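Understanding the architecture of this molecule
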Amino acid sequence: MKPLQQIFVSSIIVATLLGGSSAWAFNTDALKSSEGQILSDISTLAGIGDFENRDGDAMQAAFRSPSSVLQLADGSLLIADTRNHVIRKVKDGQVSTFAGPEIAVLKNAQGFPTGGLLDGKASEAFFNEPTGLALDAKGNVFVADAGNHAIRKIDVNGIVTTVAGNGVPGNKDGKGSEATFNHPSDIAISADGTLYVADSLNHVIRKIAADGRVTTLSAPVSRVIQVRPGEASFAGEYHDGSLSTATFNEPSGLALDGKGNLYVSDTGNQRIRYVDFASGNVSTVAGSTPTVGASTIYGKNELYAAGDYADGEALKAKFDFPKGLSVTSEGGLLISDSLNHSVRYLLNGQVTTVTGTPQTGEADGVEQSAAFYNPSDVLVTTQGNVVVADASNNKIRKITPYQLPEIVSNDGQVKVVSGNKLISFDAQPEIQDGRTMVPVRAISETFGYKVTYAERAGKSIVQLSKGDLTVELTIGETGITRKQTGLPDLKIDTDVAPYVKQDRTYVPIRFFAEQIGLDVQWQAAVQTAILRVKTFAK
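Keep in mind that this is a model prediction, so the values were computed, not measured.

A closer look at the side chain of Asp390
Assignment of secondary structure puts Asp390 in strand 31 (residues 386-390). Looking at Asp390, its side chain comes within polar contact range of the side chain of Arg397, at 2.7 Å. Every residue in contact with Asp390, bar those within four places of it in the chain, is listed here: Pro66, Ala371, Phe372, Tyr373, Asn374, Pro375, Lys395 and Arg397.

Here you go:
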């Protein structure tokens, strides 16, 4: 959903003007776990989660199925608030209405807002399920106004006009209002101002020239299925090859890369496609589905290919209704994998999961401990963060790459950080048999645990307690005992034993931290253990 101009601005110009760090390479510069997982913290940027329409403080504001995010040159964010039929703005911790009526004028029988088609001043214009957003080099905002089957423009003076389409669904080329679309879901803008449109329910990619003339770039579909007894419908298809003969199935996300070529989220085919304009060729760059029968990926009368979830080699990876896309400065592609409720990353022929799991949820936290519900768009900001339109949670989320405190360096000393703070010890942590050992009192107090000592059968016991949880370790013996009210004691094997040194009791930090629910990572380059709370309190 991010045009080439936006990518260039994000990577070069705006970063300089705003002091951002978008030259930060998402994968190359990231801290990673031992399994190669990019470390990140996921938080809520805006939205309380209510299915409502409310401006004001970002954390108390309310959206209805936000489906697209866009960053303006001043760093503010625009949100296509689809079911409120407006464009919202997030700036300095406040949410306001950027275009469309602040208070719903039209409502249905259930009391929910309904859209309309009206040009004019931004505050007086009407939209109908705006879904995709893009920005041109002059600062004009373009909107894929899906429910109006039109492409709209909000110019720098706040005037809304209809660029192409007329509010009636159809599939006709032509100029301006002569052209018709069917639920266009996204747009991307090239450096010369050409608009590319994912015309979802026509299953094609369209182009709008500077003079407003609309042409169709890909082939029309011919597959017909029975949607219900006695009723047939055209459905999407899957075919790579020359652009004029290639077919799609409900394409819904677009992003132009540094070469001016187009990535397409081919949603109904569960694939990411790539349009090379120089060669005039369409290829599949990520995603796979099993063949049904001899020559099709669809079951009988099925609208879509089967979705699934798998990381790995790009052409063996699996998606479930991938939607919004964003190109990174290192040439990778972030993908909002909507029905896998996760954000995926395509780079160097491999697909990995940045955050989320195939299970729905709304928890903030670290990597796969965070949860989403139908994320529909993703954006790399000039600050090097990633913003996600978490549609069914009615929230805007932020993925912040984890960074160590600046004070941490390769000084030859073993260090421990809690979140973004370096923990201070009165005795130096050390490595013992490949394990990081730390003075127990400092680490326990950092996380609010009380330390007590007991003698039992001639053995010295260290007890770390908080609430109804107690973790017991025995000096000189391996193993941990976890005691929690209402549950049987749980004994966990360890391969290193606590010991006393210079009147300090040293314990293995990983085993203790994991038992109290912390995420533990080790950065060998700076000899630092990273402890982070897995999920964040609301």
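A short note on the packing of aromatic side chains
Summed over all chains, the structure comprises seven aromatic pairs. With a centroid separation of 5.6 Å and 75 degrees between ring planes, the pair formed by Phe51 and Phe112 is classed as edge-to-face. Of the two residues, Phe51 is situated in the loop between strand 1 (40-46) and strand 2 (56-57) and Phe112 in the loop between strand 6 (94-99) and strand 7 (120-121); the sequence distance between them amounts to 61 residues. Judged by its relative accessible area of 30%, Phe51 falls in the partly exposed class. The exposure class assigned to Phe112 is partly exposed, which follows from its relative accessible area of 33%.

So, the pairing of strand 5 (residues 86-91)
In terms of burial, strand 5 is a largely internal element, five of the six residues being buried. Relative to strand 5, strand 4 (residues 77-81) runs antiparallel, the two sharing five bridges. Bridge pairing in strand 5 links Asp81 to Val86. Once strand 4 ends, the chain turns through four residues before running back antiparallel as strand 5, passing His85 with a positive phi of about 60 degrees. The pairing of strand 5 with strand 6 spans five bridges and is antiparallel. If you follow Ile87 over to strand 6, its bridge partner there is Ala99.

Observations concerning the layout of surface pockets
There is about 530 Å³ of room inside the largest pocket. Along the wall of the largest pocket there are 24 residues; nearest its centre are Thr131, His183, Ser185, Ser252 and Lys323. For the lining of the largest pocket, the residue count by class is seven nonpolar, 13 polar and four charged. In this structure, the second largest pocket encloses a volume near 320 Å³. Lining the second largest pocket we find 18 residues, and of these Asp136, Phe142, Gly193, Leu195 and Ala210 sit closest to its centre.

Reading the values: rules and limits
- Residues numbered from 1 in each chain as written.
- Predicted model: local features only at pLDDT ≥ 70, side-chain atom pairs only at ≥ 80, totals over all residues.
- Heavy atoms only, no water.
- Helix = DSSP H or I, 4+ residues; strand = E, 2+ residues; numbered from the N terminus.
- Polar contact = N/O pair within 3.5 Å; in protein donor to acceptor, adjacent residues only side chain to side chain.
- Contact = heavy atoms within 4.5 Å.
- Phe/Tyr/Trp six-rings, centres within 6.5 Å; stacked < 30°, edge-to-face > 60°.
- Buried < 20%, exposed > 50% of the residue type's maximum accessible area, 1.4 Å probe, protein only.
- Pairing = 2+ DSSP bridges.
- 1 Å grid on protein atoms, 1.4 Å probe; cavity = no way out; pocket = protein on both sides within 12 Å on 5 of 7 lines; lining within 4 Å.
- Points joined across faces, edges and corners; volume = space filled by probe spheres on them.
- Nonpolar A, V, L, I, M, F, W, Y, C, P; charged D, E, K, R; others polar.

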